[in-house]
Amino acid sequence: MTSSYDAVVFDNDGVLTYPTPRDVLREATVDAFERVGVTDPTSEHVDAIHLHVTPDDLQTAAGAYDLDPAELWRARDEAFAEVQIADMEQGRKPLYEDYDAVRSLDGPRGIVSTNQHATIEAILDHHGIRGDFHTHYGREMVPASLHRKKPESHYLDRALADLDVDPGDALFVGDSESDVLAARNAGTDSAFLWRDHRDGYELDATPDYELDSLHDLVDVA
Ligand SMILES: [Mg+2]
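Below you will find a few notes about this structure. (Residues numbered from 1 in each chain as written. Predicted model: local features only at pLDDT ≥ 70, side-chain atom pairs only at ≥ 80, totals over all residues. Heavy atoms only, no water.)

Looking now at helix H3 (residues 55–63). Taken together, the buried positions of H3 are occupied by Leu58, Ala61 and Ala62. The buried residues of H3 occupy an angular sector of 95° when the element is viewed end-on, so they sit on one face. Of the residues in H3, the exposed ones pointing more than 90 degrees away from the buried face are Asp56 and Gly63. Buried residues belonging to H3 abut helix H1 (22–35), helix H2 (43–48), helix H4 (69–89) and helix H7 (145–148). (Buried < 20%, exposed > 50% of the residue type's maximum accessible area, 1.4 Å probe, protein only. Helix = DSSP H or I, 4+ residues; strand = E, 2+ residues; numbered from the N terminus. Arc of directions from axis to C-beta. Contact = heavy atoms within 4.5 Å.)

Quick look at the structure:
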């Protein structure tokens, strides 16, 4: 069928691949503290740099142990990348069963993730899907990336520029409120994918489409 969008950009975790379990990532966070010499961080400080981390969270956690925030953040992101890649190599970060729907879309495709860029690179290679995407962005392992991640449009703006598409002619597909907000901030339409892990999720933003499966994309994209 004829595409209504010139390009489609995807979030990765929870959209293309299964997310890594939160408890696995929390262990990696504890490991990150250990890597910078902190063997007994409080659970409050571990939580602070576990998920949904703000620049203030990082500052607080680093300040509590007199650490350089950049050093702590690099350790956290390196530990996250390593554990996710190891998990994937054990078969625990597979592509979703409806992934083939991505390949059936006409037009260029991209990935914009809040995961580490190094993790996205490994995912593309492990699953042999590098050729399915014309551009891909994850975060650099620096504190500044916490100001650029979704809901900010920074990486989505860059992907759209790479794809040479006007934001108004692109669709962004995600499974988080921050994806819907990033799409709005970039000026693209958004599709929210209701995966099983989103049962009961309170979505306070309004996407242009709500999907149950990537197969639903053929009707909108
Ligand atoms: Mg996601």
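Structure shown, so let's carry the discussion forward.
Looking now at the coordination of the magnesium ion. Only Asp11 (OD), Asp13 (O) and Asp175 (OD) from the protein reach the magnesium ion as donors, at distances of 2.1 to 2.2 Å. As a motif over one chain, the donors of the magnesium ion read D-x1-D-x161-D. You can see Asp13 sitting in the loop between strand S1 (7–10) and H1 and its partner Asp175 sitting in the loop between strand S4 (170–174) and helix H9 (177–186), a full 162 residues away along the chain. Judged by relative accessible area, Asp175 falls into the buried class, the value being 2%. (Donors = N, O, S within 2.8 Å, 3.2 Å for Na, K, Ca; no water.)

Moving on to the environment of Val53. As for its position among the elements, Val53 is in the loop between H2 and H3. Judged by its relative accessible area of 3%, Val53 falls in the buried class. In this structure Val53 touches Ala48, Leu58, Trp73, Arg76, Leu146 and Lys149, once residues within four positions along its chain are discounted.

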